[in-house]
Amino acid sequence: RSRVKQALQGPGGGGGAGPARGPLGLHLPPAMAGRNLGAGPEAGGAEPGRRLGPGMETGPGMDGGLGVEGVPGPGPARRRFYTCRCFYTDNIFLEEFRLHVSRATPVQELRAMLRNKGCKTEEQFEGVQAKIDGEVQRRRSLGRASVERAAIISARYKPLNPAVYVLQESFLAPEFRAIVAYCRSEDADFEGLLDRIQSLPAQRVYSLPVFTLDFCAQLLEELDNFQRSGLPAGRPNTMNNHGVLLNELGFDERFVTTLREDYLHPITSILYPDCGGLGLDSHKAFVVKYATHQDRDLSFHYDNAEVTLNLSLGKDFSDGNLYFGDMRQVRLRS
């Protein structure tokens, strides 16, 4: 199953959407000082907004399809992650038509879809096919390109605050630590967890605090510092041009992996036992930046994940919206 999503920027500034893969979402709620910590959209306004989105996936698939065992950088040996086969064929975004297509779609069916979107001539259609083929090749080279960028960053970038690269309990909101403690207890169950988090109108989407405001500010300072360095940064996905893949900065092993295994897994095991929440073994974490003259929205899309966690890290912002569409059943190809 998967869920369609769209993020829109309002007139006041940037909006944000999750990297959200798959059928499920954890949404984090507005916190003090007008900062939204949680699942959703959001970021932007007078100050550029950013959203951190560790997408968590189980089984043979990692959102983004990097499919590499590790990247250069500090910390212990990297673990093997997995890439879903469908990453190389499905969910290819054609920006000029605001449409997602599959490389496996029969030619006549693809022609009909594009004709309804204004693709009328044979030359236009051949151009679209070339773009699809180019995107498939780009995705197949992502792992190698990411490793190369990570090596450059590791050699040349001097972190502003090295402490933010290692997850500490002090970074986590007290409410989040209490929720995790409950989920680790022997008497934890679904109803008890729902009493501790907020259920949102969308099916199986929930809101809860995760990080403290102080940590969010420190992380944004680190990301701003990296942006000023001018070092190469990979695109988070095919729809966003501004952001950074956190694994390339060195956040994976001692931050995101710890967050996924030690803190998110107890929660997802209770919320999503039927959709992969019992065995999260891979992730992709990235930050997307929304601003008035940069990325302003994110088209409707399906995420390549079992569980998604969206975190809004924006500074001062307004009018960001995140829309969750209906669930759908997707037949698995052998």
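This section reports on the structure supplied with the text.

Here we take up the pattern of salt bridges. One pass over the full model with this rule turns up eight salt bridges. Residue R139 pairs with E135 through a salt bridge whose shortest N-O separation is 2.7 Å. Of the two residues, R139 and E135 both sit in helix α2 (residues 122–140), four residues apart, roughly one turn of that helix. Residue class for E135 comes out buried when judged on its relative accessible area of 12%. R204 serves as the salt-bridge partner of D274, at 2.9 Å between the closest nitrogen and oxygen. Here R204 lies in the loop between β6 (198–199) and β7 (205–207) and D274 lies in the loop between α8 (252–271) and β9 (280–290), a separation of 70 residues in the sequence.

The next thing to look at is the packing of helix α4 (residues 174–184) against α8. Relative orientation of the contacting elements α4 and α8 amounts to 60°, with a least axis distance of 9 Å. Classified by the angle between their axes, α4 and α8 sit oblique to one another. Crossing geometry of α4 relative to α8 is assigned as left-handed. Contact with α4, carried on its side by F176, I179, V180, C183 and R184, involves D262, Y263, L264, P266, I267 and I270 of α8 and no other residues of that element. Its residues placed into classes, the contact of α4 with α8 shows nine nonpolar, no polar and two charged.

Rules used in this analysis
Residues numbered from 1 in each chain as written. Predicted model: local features only at pLDDT ≥ 70, side-chain atom pairs only at ≥ 80, totals over all residues. Heavy atoms only, no water. Salt bridge = Lys/Arg side-chain N within 4 Å of Asp/Glu carboxyl O. Helix = DSSP H or I, 4+ residues; strand = E, 2+ residues; numbered from the N terminus. Buried < 20%, exposed > 50% of the residue type's maximum accessible area, 1.4 Å probe, protein only. Axes fitted to C-alpha atoms, helices over the stretch in contact; angles between N-to-C directions. Parallel < 35°, antiparallel > 145°, perpendicular 65-115°, else oblique. Left-handed = near helix turned anticlockwise from the far one by under 90°. Contact = heavy atoms within 4.5 Å. Nonpolar A, V, L, I, M, F, W, Y, C, P; charged D, E, K, R; others polar.

Everything listed here is a matter of geometry and, on its own, says nothing about what the molecule does.
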